[in-house]
Structure formats: C-alpha cells, structure tokens
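# Structure assessment
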Amino acid sequence: MPILVMKFGGTSVATLDKIKRAAKRVGREVANGYDVIVVVSAMSGETNKLVGYVNETSPMYDAREYDAVVSSGENVTAGLMALTLQEMDVPARSWQGWQVPLKTNSAHGAARIEEIPPENILAKFGEGMKVAVVAGFQGISPEGRITTLGRGGSDTTAVAFAAAFEAERCDIYTDVDGVYTTDPRIESKARKLEKVAFEEMLELASLGAKVLQTRSVELAMRYGVRLRVLSSFEEYDPNAGTLICAEEDIVENKPVSGIAASREEAKMTLVSVADRPGIAAAIFGPLAEAGVNVDMIIQNISEEGRTDMTFSCPVDQVNRAKAALDAAKDRGAFNFGELISDTEVAKISLVGIGMRSQSGVAAKMFKVLSDEGINIKVIATSEIKISVLIDRKYTELAVQALHDAFELNVA
Ligand code: ADP
Ligand code: ASP
Ligand code: MG
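Notes on the structure follow. Predicted model only: the values in this text are computed from it and were never measured. (Residues numbered from 1 in each chain as written. Chains lettered and ligands numbered in written order. Predicted model: local features only at pLDDT ≥ 70, side-chain atom pairs only at ≥ 80, totals over all residues. Heavy atoms only, no water.)

## Observations concerning the pattern of salt bridges
Threshold: Think of a salt bridge as a Lys or Arg side-chain nitrogen and an Asp or Glu carboxyl oxygen that are within 4 Å of each other. The helix count covers DSSP runs of H or I at least four residues long, the strand count covers runs of E at least two residues long, and both are numbered beginning at the N terminus. Accessibility here uses a 1.4 Å probe with only protein chains present; expressed as a share of the type maximum, an area under 20% marks a residue as buried, one over 50% as exposed, and anything in between as partly exposed.
Evaluation of the coordinates by the stated rule reveals 19 salt bridges. Asp35 is the partner of Lys130 in a salt bridge, and the nearest nitrogen-oxygen pair spans 2.9 Å. Of this pair, Lys130 sits in the loop between helix H5 (119-126) and strand E6 (131-135) while Asp35 sits in strand E2 (residues 35-40), placing them 95 residues apart in sequence. Accessibility expressed as a relative area gives 7% for Asp35, which makes it buried. Close ionic contact of Glu344 with Arg392 constitutes a salt bridge, the shortest N to O distance being 3.8 Å. On the criterion of sequence distance, the pair formed by Glu344 in strand E16 (residues 338-351) and Arg392 in the loop between strand E18 (385-391) and helix H12 (395-405) is long-range, its members being 48 residues apart. Through salt bridges with shared partners, a single ionic network connects Arg169, Asp171 and Arg228.

Structure representation (structure tokens):
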C-alpha cells in the first residue's frame with residue numbers, strides 16, 4: 001500500500017469536534033487506498049500552558065524534565081485521534097515517540113532526529129492496521145529519556161516520517177490554507193502561493209514564518225519529500241494548498257516571493273572594544289559556547305583603535321548573552337566600555353529566488369521604509385534574502401508597505 005503522512009497542528013485538534021473532522025479526512029485517504037501515518041500536535045494552547053508550568057516551578061529548569069512535561073500534550077491528542085478513528089471503524093493505533101522508536105540526540109528541548117526504524121509500524125500495517133497515529137514533537141535520546149524537537153517540531157516529525165517510510169506525500173494541515181506571501185494575520189492582502197521553492201521556504205521559516213518549522217523544510221529538501229501545506233477547515237480538494245517544491249518547478253518570476261517578520265529579536269552593542277585581530281573571535285566564541293544564536297553582525301569604523309560591535313540575537317537570549325560577555329570581560333578575554341541592549345526590535349525580511357538575477361531590490365526596500373519614516377538599525381543580505389532590523393512597533397507598517405510596493409498581492 002502507498003503511504004501518506006498527514007500532520008494536524010494544534011488548532012486542527014483543538015477540540016473533540018475538530019479531532020473528529022480531522023479523522024474524517026484521514027478516513028477518506030484510507031478509503032483512497034493509503035496506509036496513513038497521522039502526526040498530531042497538542043491541542044492548541046496546551047504546550048504553552050505546560051511550558052508555563054515548568055517556568056513557574058523551576059526558572060533554571062532541568063531540560064530533561066522540561067521535555068518530560070511539555071511532550072505530554074501530544075500524547076493526549078494521539079490517543080484521542082486513535083480512539084476517534086476506531087469509532088469510525090478505521091483500524092488505528094497510537095504511538096508515542098519512544099514506542100516507534102523515533103531516536104534523537106540528547107539535545108533536550110531542541111533535539112535532532114537521528115533515526116526512525118520503520119519496522120514496528122510496518123509490521124502493524126502488515127497486520128491490518130490502517131492508521132498509525134504518532135505523537136509529534138517527541139522522541140527518545142540514546143540515554144532512554146524523552147526529548148522534544150523545539151517549538152513547532154511536529155512539522156519535523158511529519159517530514160521525517162515521510163522520508164523514513166518513503167511516503168507519497170506529506171500533508172501539513174493547519175489553520176491557513178497554504179503558504180502566503182506574508183503572514184495573513186499581519187497583511188490581509190497577502191496572497192496564497194500555489195508553489196514555493198524549498199530554498200525560499202527555508203528562508204521564510206527561519207526568518208519568522210512559523211507556518212513550518214525550519215528543520216522540517218531542511219529535511220524535506222534533503223530527502224525530496226513532497227510537502228504540502230493546507231487547511232484542515234476547508235472542504236476537501238485534492239489540489240488544495242501550497243506545494244513546497246524544487247526551484248525548477250516554479251514559474252513565478254518576481255524578485256520577491258514573500259516577506260517574513262520576526263518580532264522576537266534584540267540588538268546588542270558592545271561600545272568601545274579594541275579594534276585588533278582576534279577581537280571578533282574573542283567576543284563571538286563565548287556567545288556561541290553559551291548557546292546564543294547570533295544572527296546579524298556589524299562592526300563600525302574604528303577611531304583611535306577602538307570600535308563598536310553590534311549584533312542581533314533572539315530576545316529571550318539577551319540575559320544569557322550579557323552573562324557570557326560579562327564573564328569574558330571579567331576573565332580578561334577583552335574589554336568594552338558599555339553593553340547596550342535594545343529589546344524592542346523586529347526583523348523584516350524579503351525572500352525570493354528571483355533576487356539572484358534581479359538587482360535593485362535592496363535599494364527599493366530601503367526607499368519604501370524611509371518613505372514611511374522607519375529607521376533601519378541593521379541590514380543583512382544573502383543571495384535570496386534581505387533582512388533589516390527596525391523598531392518593533394513598525395512591524396505591521398513595514399510589512400504592509402513592502403507588500404504593496406513589491407505588488408505581492410497580484411500574481
Ligand atoms: P499549527 O498549529 O497548525 O502548527 P502554526 O500556528 O504553527 O500552526 O502555523 C500557522 C500560522 O503561521 C498561521 O496561522 C499564520 O499566522 C502563520 N504564518 C506566518 N507566516 C505565514 C505565511 N507566510 N503563510 C502562512 N501562514 C503564515
Ligand atoms: N506542540 C508543540 C508546540 O506547540 C509542537 C507543535 O505543535 O508542532 O510547539
Ligand atoms: Mg506549527
């Protein structure tokens with residue numbers, strides 16, 4: 001039997017009625033002749049609640065116990081989905097990560113999948129089970145402890161299963177009917193894209209479009225998984241949604257395909273560091289060791305042998321960054337005058353494979369922002385993206401103005 005992977009996100013399993021609705025879709029694919037692997041998230045809001053419990057109990061928590069707690073939301077929906085399918089006379093069984101087993105490394109809270117041996121589930125399909133309902137987001141470490149894959153990780157569970165079982169397709173059911181030119185919650189004129197190239201989706205996801213977890217796109221790209229994003233609330237349509245596919249299959253030829261916004265950014269400046277060989281290594285080495293994900297970096301011109309170094313990182317890592325830099329200073333690794341952090345910034349990014357061949361995108365972006373009176377704090381570019389840091393309060397304004405200027409509302 002061909003295998004299909006269907007993933008239902010938190011909003012798609014938020015109530016028993018919604019689970020029933022999702023189960024009906026699964027039943028339809030079983031009737032179409034598939035063996036189905038269903039990957040479920042926790043009911044929406046559940047994981048946030050569990051994370052809150054952990055933080056309240058233990059602010060400097062043990063990551064192994066964090067995983068023990070936050071992985072539990074998915075266990076509930078996996079069991080309920082299996083029961084709902086059984087009530088519809090569809091032979092179904094639930095699987096927690098460790099039962100599969102979905103093997104990960106030991107990086108609790110952000111574990112990476114290492115292997116999914118398919119034998120156990122395939123044996124059950126061989127015995128007549130039609131649907132394996134897998135709890136998303138969780139796995140088991142080499143030490144035998146439960147791990148989680150980072151927020152939004154059920155997407156990655158789904159794609160990894162599609163790769164391991166050579167599924168015909170991996171369908172990601174969510175609360176929007178596809179990938180849009182930008183977050184439709186920010187820009188109502190956002191347009192649904194029929195197709196997005198893997199490279200573009202990778203950038204959009206890592207730059208803030210949380211519709212897919214970045215790692216899921218990486219895996220789909222590496223293993224050639226046919227990945228589709230579609231709504232679990234709309235009527236059934238076999239051609240619905242957005243297909244994430246190879247660049248060659250894209251016909252659209254605009255320089256910009258999409259805009260991503262990330263509000264959870266911070267900008268930190270080390271004032272007056274010595275401008276000498278090795279200073280960047282001395283600063284960013286300890287930050288990396290402390291697990292700070294530094295993104296953009298700028299070094300200003302130097303005056304009398306001193307310079308300012310500015311970088312951006314996720315806003316929830318500011319305290320960790322401060323502690324690492326202060327410790328390095330105390331150790332005498334390097335010196336600096338002041339450490340200024342701006343925690344009210346957002347990153348706005350334009351993404352498009354068309355940028356490779358069309359120039360002038362950056363200049364136009366800067367002009368649009370300046371016409372709106374928005375100051376740019378940091379700029380970073382790569383082959384297919386341009387990102388800027390701006391004041392967070394201008395996030396919506398910037399996205400909407402750029403969406404208009406690059407005419408993303410029309411195909
Ligand atoms: P799920 O719970 O199904 O995993 P998520 O909340 O993680 O769903 O992701 C879906 C959300 O992603 C949408 O509701 C939307 O607000 C947001 N989003 C951000 N950028 C985009 C985009 N470019 N296209 C579609 N949705 C986007
Ligand atoms: N429930 C987890 C989260 O909210 C995983 C997921 O939904 O993908 O992050
Ligand atoms: Mg998600």
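There's more to say after this.
## Digging into a positive patch on the surface
Just so we agree on the cut-off: For patches, a residue must show more than 30% relative accessible area and have no salt bridge; joins then use 9 Å for like charges and 5 Å for nonpolar side chains, namely Val, Leu, Ile, Met, Phe, Trp and Tyr. Computed by Shrake-Rupley with a 1.4 Å probe, the accessible areas treat only the displayed protein chains as cover when residues are assessed. A residue counts as positive if it is Lys or Arg and as negative if it is Asp or Glu; His and the chain ends are not included. In this description, the location of a charge corresponds to atom NZ of lysine, CZ of arginine, CG of aspartate or CD of glutamate.
A grouping of Lys18, Lys20, Arg21 and Lys24 is seen on the molecular surface, where their side chains present a positively charged patch. Inspection of the secondary structure assignment puts Lys18 in helix H1 (residues 16-31).

## With respect to the sheet that holds strand E3 (residues 92-95)
Put simply, the rule is: At least two DSSP bridges between two strands are needed for those strands to be called paired. Here, axes are lines fitted to C-alpha atoms. For helices the fit covers the stretch in contact, and angles between N-to-C directions go from 0 to 180 degrees. Here a residue-residue contact requires only that any non-hydrogen atoms of the pair lie within 4.5 Å.
Here we have eight strands laid out as an open sheet, ordered E3-E6-E2-E1-E9-E11-E12-E10, and mixed in their pairing. In this open sheet, the two edge strands, each paired with only one partner strand, are E3 and strand E10 (195-197). On average, each strand axis in the sheet is inclined to that of its neighbour by 20°, with strand direction left out of account. Of the strand pairs in this sheet, strand E1 (residues 3-8) and strand E9 (residues 169-174) are connected by five bridges, and their pairing is parallel. When the sheet's bridge partners are listed, Val5 is paired in E9 with Cys170. Along the sheet face, helix H4 (residues 72-87) touches E1, E2, E3 and E6 and points at about 165° away from the line of E6.

Worth remembering: the numbers are spatial, not functional.
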